[in-house]
Every structure is written in C-alpha cells, then in structure tokens.
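# Summary of structural features
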Amino acid sequence: RNAPELAGPYMALAWPARWHAQLKAHCDQAGLEYMCTVYLPEDIAAVAPYVSRFKVASFEAGDREFVEAHRPFGKPVIISTGMLSREEQADLQNALGDSNDPPGVVPLRARWLHCVSGYPAPVSEVNLRAMAYRLDGLSDHSGHVLMGALAVAAGAKIVEVHFRLYDTDPSNPDYPHSLDPERLAEYVRNIRLAESALGDGVKRPMPAEAGNVRYRVTG
C-alpha cells in the first residue's frame, strides 16, 4: 500500500472474490484446509467466511494496524517474520501478544514463522536456529526438498512451502522457490521421516535393542 511499484506484482496474484467459495469447496472435497493471504485490510472480511485461520505475509507483518484488523474475526493468525531482526520480532510479538489484551478483547492467537524473504532463499542463509527464539515454524523459500525435515528437527511445529504445477510458467515469480508435485511429495515424506525419527524424547530401551540387552555390561 505504501509502495506503488508493488501494485503490478500484487495485482498479478489477485482473483475475484467469488472464487473463494469454489476454491474452498474444492479443498473440502480434497481433505485440505483452504487458506488465503490478503494484503489489504478491506480484503480480510472477504476471505474470513472461508478460512479457519489467517496468514500474514512478512511484508505486512510490521503493519500492526493491518495485523490488528484480523482480530475481530476471532480466528488464529499465522505471521511470517521475514526481514525482521530479533529485536524487531520481539517488539512485534510483545505488542501483539495476547497477554497484553484487556478484558473483553478478542485474542489474536498468533503463531509465528521464521522466514527469509529471498526468492529463492539460499540454504546458507535459512538460519533455522533462529526458530529457537519464540518462533513456531518455518515459511520456507529455499526450494530444497530437505528443508522441511530439517526445520522439524530444529523444532518447527508449522512448515509452509510453495507449490507449483508441472506446467507453471518459469517466468512466474513463485517458480524458482516452489516445488512441483513430485518434489512436494518428497518434501512431505522427508518431514514424516523427521517426525518419526524424533520420537517422544523419553530416553529408554527401545524394542530394536531387545535382542542385544543380554550382552550389555553393567557394573
């Protein structure tokens, strides 16, 4: 809104409001949750009837008035934190945190994603360890099929990744960091493998060790 030169790229991603009902119905049939990110305060009400939660992109995360405009709808909000320093992130979280809400105010129920707003983001700059500071997951722009699994291993509870079809035009701005169906399936399999390998964190003898217990030396 404050950068007219962005109007073109944003408009290229826009679609008519009447599509939301059709897209949500299709997602429901496929067993998917329909989500849609908006960039104008007046569009929040347009998507609210169709989504279970909102997503605020990194470019809008610093616009506190815009983020607050999601609050009256009473739905959880996922907020990406690309391009923010730790101090800026903390200020934003403290300002919008539910603990600051006076009685009777609808809680924002925000979840926060680490994000590197490079398209694509170099693997060497993804900086997964940054999630340890009050972040719930990763908005992944690396285009790497292992990144979701690595994020889960680093503590992510939410992973967002971009997806494209096989016939997507390579000139599409999302193309370089988006996964085609085959690579997306591999991405998800890698996440499931990481989840399985992480286990429950309780240190104890495991079934695979049962045959070797008799050889254990104790003293």
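Look above for the structure.
Conventions and cut-offs
- Residues numbered from 1 in each chain as written.
- Predicted model: local features only at pLDDT ≥ 70, side-chain atom pairs only at ≥ 80, totals over all residues.
- Heavy atoms only, no water.
- Pairing = 2+ DSSP bridges.
- Helix = DSSP H or I, 4+ residues; strand = E, 2+ residues; numbered from the N terminus.
- Axes fitted to C-alpha atoms, helices over the stretch in contact; angles between N-to-C directions.
- Core = buried A, V, L, I, M, F, W, Y, C linked by side-chain atoms within 4.5 Å.
- Buried < 20%, exposed > 50% of the residue type's maximum accessible area, 1.4 Å probe, protein only.
- Contact = heavy atoms within 4.5 Å.

## Some details on the sheet that holds strand β5 (residues 158-161)
In space, the 5 strands of this open sheet follow the order β1-β2-β3-β4-β5, with parallel pairing throughout. Where the open sheet ends on each side, the last strands, each with one partner, are β1 (54-56) and β5. Across this sheet, the average inter-strand angle for adjacent strands is 25 degrees, counted without regard to direction. Pairing of strand β3 (residues 110-115) with strand β4 (residues 137-140) involves 3 bridges; the strand directions are parallel. If you follow L113 over to β4, its bridge partner there is G137.

## So, the nonpolar core
Ranked by internal contacts, the top residues of the largest apolar core, which has 28 residues, are F54, I79, L96, W112, L128, M131 and L138. Residues in contact with L128, not counting those within four places in the same chain, are L138, M147, L150, A151 and A154. Among the nonpolar cores identified, the runner-up in size contains 6 residues, and V152, L179, Y187 and A194 belong to it.

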